Amino acid sequence: MSKTILSLKDISKAYPGVLALDRVSMDFTEGEVHAIVGENGAGKSTLIKTIAGAHQPDSGLVGIDGKEYSSLTPKESRDAGVEVIYQEFNLVDSLSAGENIFLGERKGRFVDQKQIKKDARALFDRFKVDIDPSTLVRDLPSSMQQIVEILKAVSKNARILIMDEPTAPLTLTEVDTLFGIIKELKKQNVTVIYISHRMEEIFTISDRVSVLRDGQYISTLQTEETDKDELIALMVGRTLSEVFPERAQPSQDVVLELDRVTGNGDHDISFSLNKGEILGLAGLVGAGRSELAKVIYGAEKLESGTIKINGEVCSITSPSEAIRAGIGLIPENRKEEGCFLGMSIDWNVVINSVRRISSGLIVNKKQEKRISLDFEKRLQIKTPSLAQKVKNLSGGNQQKVVIAKTLAADTPILIFDEPTRGIDVGAKQEIYRLMNSLVEDGHSIIMISSDMEELLGMSDRIIVLSEGRMTGELSKNEFSQHRVLELASVHVSGQKEII
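Just so it is clear, the structure is predicted and the values come from calculations on it, not from any experiment. (Residues numbered from 1 in each chain as written. Predicted model: local features only at pLDDT ≥ 70, side-chain atom pairs only at ≥ 80, totals over all residues. Heavy atoms only, no water.)

Caption draft 1: Up close: the sheet that holds strand 12 (residues 266–274). Reading across from one edge, 12-11-14-15 is the order of the four strands in this open sheet, with antiparallel pairing throughout. The open sheet has two free edges, formed respectively by strand 12 and strand 15 (312–313), since each of these has just one partner strand. Relative to the sheet, helix 9 (residues 289–296) contacts strand 11 (254–263), strand 12 and strand 14 (304–309), its axis offset from that of strand 11 by approximately 110 degrees. (Pairing = 2+ DSSP bridges. Helix = DSSP H or I, 4+ residues; strand = E, 2+ residues; numbered from the N terminus. Contact = heavy atoms within 4.5 Å. Axes fitted to C-alpha atoms, helices over the stretch in contact; angles between N-to-C directions.)

Caption draft 2: Looking closely at the pattern of salt bridges. Applying the stated criterion across every chain, the model contains 18 salt bridges. Linking Arg-461 and Glu-473 is a salt bridge whose minimum nitrogen-to-oxygen distance equals 2.8 Å. Pair noted here: Arg-461 is in strand 21 (residues 461–466) and Glu-473 is in strand 22 (residues 469–475), with a separation of twelve residues, a long-range link. Exposure remark for Arg-461: the relative accessible area of 13% places this residue in the buried category. (Salt bridge = Lys/Arg side-chain N within 4 Å of Asp/Glu carboxyl O. Buried < 20%, exposed > 50% of the residue type's maximum accessible area, 1.4 Å probe, protein only.)

Caption draft 3: A look at the side chain of Gln-399. Within the secondary structure layout, Gln-399 lies in helix 14 (residues 395–408). Classification of Gln-399 as buried rests on a relative accessible area of 1%. A distance of 2.7 Å separates the side chain of Gln-399 from the backbone oxygen of Pro-419, its partner in a polar contact. Dropping the residues within four chain positions of it, Gln-399 is found in contact with Ile-330, Arg-334, Glu-418, Pro-419, Thr-420, Ile-423 and Ile-431. (Polar contact = N/O pair within 3.5 Å; in protein donor to acceptor, adjacent residues only side chain to side chain.)

Caption draft 4: Quick look at the sheet that holds strand 19 (residues 413–417). One open sheet holds the six strands; their spatial order is 16-19-20-13-21-22, and the pairing between them is mixed. In the strand order of this sheet, the two ends are held by strand 16 (327–330) and strand 22, each with one partner. Looking at each pair of strands side by side, their axes are set apart by 20 degrees on average, direction ignored. For strand 13 (residues 278–282) and strand 21, the ladder comprises four bridges, and the chain directions are parallel. Note that in strand 21 the partner of Leu-279 across the bridge is Arg-461.

Caption draft 5: Broad picture of the nonpolar core. Ile-131, Leu-151, Met-163, Ile-182 and Tyr-194 are the most contacted members of the largest nonpolar core, which totals 47 residues. The element contributing the most residues to this core is helix 5 (residues 142–154), with seven residues. Those residues in contact with Ile-131, other than ones at most four positions away along the chain, are Ala-97, Arg-121, Phe-124, Leu-140, Met-144, Ile-147 and Val-148. (Core = buried A, V, L, I, M, F, W, Y, C linked by side-chain atoms within 4.5 Å.)

Caption draft 6: Representation of the packing of helix 13 (residues 365–379) against helix 14. Interaxial distance between helix 13 and helix 14 falls to 10 Å at its minimum, and their mutual angle equals 125 degrees. Considering their axes alone, helix 13 and helix 14 lie oblique with respect to each other. Once helix 13 is placed against helix 14, the crossing between them reads as right-handed. On helix 14, the residues that touch Ile-371, Phe-375 and Leu-379 of helix 13 are Lys-400, Ile-403, Ala-404, Leu-407 and Ala-408. (Parallel < 35°, antiparallel > 145°, perpendicular 65-115°, else oblique. Left-handed = near helix turned anticlockwise from the far one by under 90°.)

Structure, rendered in structure tokens:
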């Protein structure tokens, strides 16, 4: 029988208005990959921060290798062999990949750069990672920055490695690289605690899976003895039906048209969006999908080509002009581009529509509250108060605030960039139902998604980009994962190429 290396006994943690953990008890064994799943707000982040010493529990004990702690400091946790890879990167972008790996580990007045490069190269080779150790982190794509973050933690010789949504920025190839790293760590008897909303990953990489719901421990199952439906039912406390609900066919009325649009690294992009349609935008990391969204939204310069709204050419040079023209954007990076974390929920919800509820410099507080309450109810934002700062919400509820902010501006054309990244299955269904209700009400949506199941399940048509160029357009009867990936992998070599 495998040795228990980490145990949690009756861990509780409360915040104002929220019981984040309610007498949670769990065990983790040496050398296993142990997944933790649950809806946003289930307590996963609080749990891992308690293990890491970032949060102090109100009661309960954390046991590491037989030694029990009523609370841990971050240093005590690291000294006990715990390393955490959080969703937010903790890298210094002005330093090289190699320097980030060993930052703070090499002592003395002078740092031996040759040795750092040699050791980093050996680490990258060991895990079959193709990164030049001398490359500055800021020059790496976010997917490679994530790999550097993971190997930085691995280099500490951790005995317990916690990964919080590690594949969010990764391509399919890089996910395979990550899984190769995890398998190598298992051989070294490292315990990996793996948190992800992606069910296919849970079943591919984990040995056991534990479920949290509303701050409570529900169950631990052998992964090979359960299935997706059972896990989802345990997570949400009910059976979810119709993952992608059906809806009526969109009209043929064109509301948005791009003609040979070039800008922000994209070239010669032409397609149209119909009223009541969800148009999927597919491509691998670096294909230019988010870059194109920012050009349409006026956040980046349109260098050439035209954008038409309802048949009329529009000159959009800023997001505020885009909103007035009827275009809203829910950005990929909600923390940096989607909302103001230090401000309240109600302030965030109305910020894009403040002109409509203001008289001069005076904001109509009654209207502000009415709009905020409406979206809190409509999107089921879980919060004790609308005065709560957005930074105190779970990731899923932060995403709902970003969506509310965009919808409050009442723009008929909406761009959803990775709308369910980091969102649990229950919240995903809420967002899918919302998107369906929006298009049924006459809105039109461009949906950028790296989730293949979501892309195929929600889209009416799919446009595929590769290397900043359009490589194909698929109608519903042409949808397949193979075809999307085939088009997304086209090497265009500076010329427009459609296969």
